[in-house]
Structures are given as structure tokens and as C-alpha cells.
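# Architecture and fold: a report
Here is what each chain is made of, one letter per residue.
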Amino acid sequence: MSNLLHVGLDVGSTTVKIVVMNDKLETIYNDYQRHFSDTKNTVCNCLEELVNKFENYDMTIALTGSGALSVSEFLGLPFIQEVVACKRTVEKY
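Residues numbered from 1 in each chain as written. Predicted model: local features only at pLDDT ≥ 70, side-chain atom pairs only at ≥ 80, totals over all residues. Heavy atoms only, no water.

## Some details on the overall build of the chain
Across its full length, the chain carries three helices and four strands. In terms of overall size, the chain behaves like a compact globule, its C-alpha atoms giving a radius of gyration of 13 Å where 93 residues would be expected to give roughly 12 Å. For the chain, the C-alpha atoms occupy an extent of roughly 40 × 35 × 20 Å along the three principal directions. Burial analysis of the chain (93 residues in total) assigns 29% to the buried set. When contacts within the chain are restricted to residue pairs at least 6 apart in sequence, long-range pairs at least 24 apart make up 40% of them. Of the roughly 6100 Å² of accessible surface on the chain, a fraction of 53% belongs to carbon and sulfur atoms. If the 8 positive side-chain charges of the chain are averaged to one point and the 12 negative ones to another, these points end up 6 Å apart. (Helix = DSSP H or I, 4+ residues; strand = E, 2+ residues; numbered from the N terminus. Rg over C-alpha atoms; globule rule 2.2 N^0.38 Å. Buried < 20%, exposed > 50% of the residue type's maximum accessible area, 1.4 Å probe, protein only. Contact = heavy atoms within 4.5 Å. Areas by Shrake-Rupley, 256 points an atom, 1.4 Å probe, with all protein chains shown as cover. Lys, Arg positive; Asp, Glu negative; His and termini not counted. Charge placed at Lys NZ, Arg CZ, Asp CG, Glu CD.)

Below, the structure written as C-alpha cells:
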């Protein structure tokens, strides 16, 4: 079993959703939290929980959602617009 996990983080207008898939692209974890307009702290809390739960794993991460652009900037991670992400998924599957 690989120690590489794939993380998707969706920062929306009211919630933060996170999903983790293993190397077989099976969902092994997900979470859904309201952010009450405090996206930065909610995202940081979600990521801290994730790191604690999967501390011995390497991870890729993709960010999307209406609030993810600012999150991608403060985390230094790439952002993908959600319509583009959906289009790529439909094309692949």
C-alpha cells in the first residue's frame, strides 16, 4: 500500500468540505464543516485534523470553491475553479 493520499478541499460560501482518497482513488475520509465566515481558521482546523489522522502519509491537495482562491494564496497551494474541475472530471470519467 502506498503512503500517498489525495486530498480535495472545497471552500464554499458557507462550508468547508474535505475528501481524502487513497492510491486506488477510494474515499477513506471526508468531513463537512460550516465556517461561519471564518474560512481561514476552519480550513486550518480541518487540515490539522487531517495531518493528525494521517501523520505518516504524503499528500497531494487540490483546492476549489468560491472561497478557495484566498485560501490557496495564504497556504501557497494551487487553485482550480470548480467549473473547470467538474469539466475535467466529466472528460476523464
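## Some details on the packing of helix α1 (residues 39-53) against helix α2 (residues 68-75)
Two numbers describe how α1 lies on α2: the axes approach to 11 Å, and their chain directions differ by 60 degrees. Crossing hand, α1 versus α2: right-handed. The residues of α2 that touch α1, namely those facing Lys40, Val43, Cys44 and Leu47, are Val71, Phe74 and Leu75. When grouped by side-chain class, the residues that make up the contact of α1 with α2 number six nonpolar, no polar and one charged. (Axes fitted to C-alpha atoms, helices over the stretch in contact; angles between N-to-C directions. Left-handed = near helix turned anticlockwise from the far one by under 90°. Nonpolar A, V, L, I, M, F, W, Y, C, P; charged D, E, K, R; others polar.)

## Re the packing of aromatic side chains
The geometry of an aromatic ring pair is captured by the separation of the ring centres together with the interplanar angle, meaning the angle of the planes. Inspection of every chain in the model, using the stated rule, returns two aromatic pairs. With a centroid separation of 5.9 Å and an interplanar angle of 80 degrees, the aromatic rings of Tyr29 and Phe54 are classed as edge-to-face. With Tyr29 in strand β3 (residues 27-34) and Phe54 in the loop between α1 and β4 (58-64), the pair connects residues that are 25 residues apart, well separated along the chain. Across this residue pair, the class does not change: Tyr29 and Phe54 are buried. Here the aromatic rings of Phe54 and Tyr57 are separated by 5.8 Å at their centres, their planes lie at 85 degrees, and the arrangement is edge-to-face. (Phe/Tyr/Trp six-rings, centres within 6.5 Å; stacked < 30°, edge-to-face > 60°.)

## Focus on the sheet that holds strand β1 (residues 4-11)
Two modes of strand pairing occur in sheets, parallel and antiparallel, and in both the strands are linked by backbone hydrogen bonds. Ordered in space as β3-β2-β1-β4, the four strands form an open sheet in which the pairing is mixed. Since the sheet does not close on itself, it has two edges, and those belong to β3 and β4, each with one partner. Averaged over all pairs of adjacent strands, the angle between their axes in this sheet comes to 15 degrees, without regard to strand direction. Two strands pair when backbone bridges link them, and β1 and strand β2 (residues 15-21) are joined in this way by six bridges, in the antiparallel orientation. When the sheet's bridge partners are listed, Val7 is paired in β2 with Val20. With respect to the sheet, α1 is in contact with β1, β2, β3 and β4, its orientation differing from that of β3 by roughly 155 degrees. (Pairing = 2+ DSSP bridges.)

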